[in-house]
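Architecture at a glance
Listed below, chain by chain, are the residues.
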Amino acid sequence: MSKLSRSFAARPQSSLVGRALALGLGTALTASLSGCILVQDTSRMNIDVFQDEVSPVWYDPARTPPAADQTAPQRRNLYQTQFHQTYGLPVSNPLHKVMYGVLSDDGHTLPAIPLDRVDSGLLRNEVSYETAEAPGTIVVDTKAHYLYLVKPGGKAIRYGVGLGRDGFAWSGRGVIQRKAKWPHWTPSDEMVERQPGLKTVSAARGGLVAGLNNPLGARALYIYQDGKDTLYRVHGTPDWQSVGKATSSGCVRMFNQDVIDLFDRVPERTPIVVI
């Protein structure tokens, strides 16, 4: 027997099998990845796909009177220590203390946003913004977690936003076809099934009335495309800690003070682009 034959025979059979399996898996993985690269994912621009994931999320008005014993969803506590809650940076724009202070609105008193616990880059500001979109257009940059209201002269008002988790996000062009102050909120049956604590505000019990703990916050802008409700909203949130993060079920969350500001600046039929 030659040296090569003896060397080959001396190798454990399990080692040879492992190398063969690794080679096969590598080939399969390469083929799979090449297929992903060549196929464009357009599902985020498909309203029907998005509605299958989140529909029906909101009803307005409620079909039945709200239950008397309803309890609002609890606010989440994203940060467990004071260290994580404080950015430790001074607010560079003194107007922010006024813009995000206590606000009385339609019988509701919104609490101030704790600016020392918020990334200052998420606060409302006028910035340079070069875009081909016409002034008055809303542009939501989902990667940067910003919403821009385009202004003339290469400027825009920039707002920080929270966005939907992967699989619950939509993109495309639409229009703000309806606006609502202190909107009603009704979770879908699927959402109630996932979160049994929402049973007291289910559709059967009339949903959740407007208020400081309502997930839609102080304002809601309803996005339509070709006359069809996309079920995608720009809205306020009592959960200010979620702004700048991907936590909501599909929609664009803003500080309540910011969504009120945006609401007052844009009329119905305002074009919106989500990218």
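Our subject is the structure that appears above.
Everything numeric in this text was worked out from a predicted model, so none of it was measured.

**Some remarks on the packing of aromatic side chains**
Taken as a whole and assessed by the stated rule, the structure comprises four aromatic pairs. With 5.7 Å between their ring centres and 80° between their planes, Tyr100 and Phe255 make a pair best called edge-to-face. With Tyr100 in the loop between helix H5 (95-99) and strand S1 (103-105) and Phe255 in strand S12 (residues 252-255), the pair connects residues that are 155 residues apart, well separated along the chain. As far as burial versus exposure is concerned, Tyr100 and Phe255 are alike and both buried. Plain terms: the ring middles of Trp170 and Tyr232 are 5.5 Å apart, the flat faces sit at 55° to each other, and that makes the pair tilted. Linking Trp170 in the loop between strand S7 (163-164) and strand S8 (172-181) with Tyr232 in strand S10 (residues 228-237), this pair joins segments that are 62 residues apart in sequence. The same class applies to Trp170 as to Tyr232, namely buried. One cation-aromatic arrangement involves Lys179 over Phe263; the distance from NZ or CZ to the ring centre is 4.2 Å. Arg219 extends its terminal NZ or CZ atom over the ring of Phe263, reaching a point 5.1 Å from the ring centre.

**Overview of the sheet that holds strand S4 (residues 138-141)**
Strands belonging to one sheet form pairs held by backbone hydrogen bonds; the direction of such a pair is parallel or antiparallel. Strand order in the open sheet formed by nine strands is S3-S6-S5-S4-S13-S8-S9-S10-S12, with mixed pairing between adjacent strands. Because the sheet does not close on itself, it has two edges, and the strands there are strand S3 (125-128) and S12. Averaged over all pairs of adjacent strands, the angle between strand axes in this sheet comes to 30°, irrespective of strand direction. In the packing of helix H7 (residues 256-265) onto the sheet, contacts are made with S4, strand S5 (146-151), strand S6 (155-160), S8, strand S9 (219-225), S10 and S12, and the angle to S12 comes to roughly 105°.

Here is what the cut-offs are and how they apply
Residues numbered from 1 in each chain as written. Predicted model: local features only at pLDDT ≥ 70, side-chain atom pairs only at ≥ 80, totals over all residues. Heavy atoms only, no water. Phe/Tyr/Trp six-rings, centres within 6.5 Å; stacked < 30°, edge-to-face > 60°. Helix = DSSP H or I, 4+ residues; strand = E, 2+ residues; numbered from the N terminus. Buried < 20%, exposed > 50% of the residue type's maximum accessible area, 1.4 Å probe, protein only. Lys NZ or Arg CZ within 6 Å of the ring centre and 35° of its normal. Pairing = 2+ DSSP bridges. Axes fitted to C-alpha atoms, helices over the stretch in contact; angles between N-to-C directions. Contact = heavy atoms within 4.5 Å.

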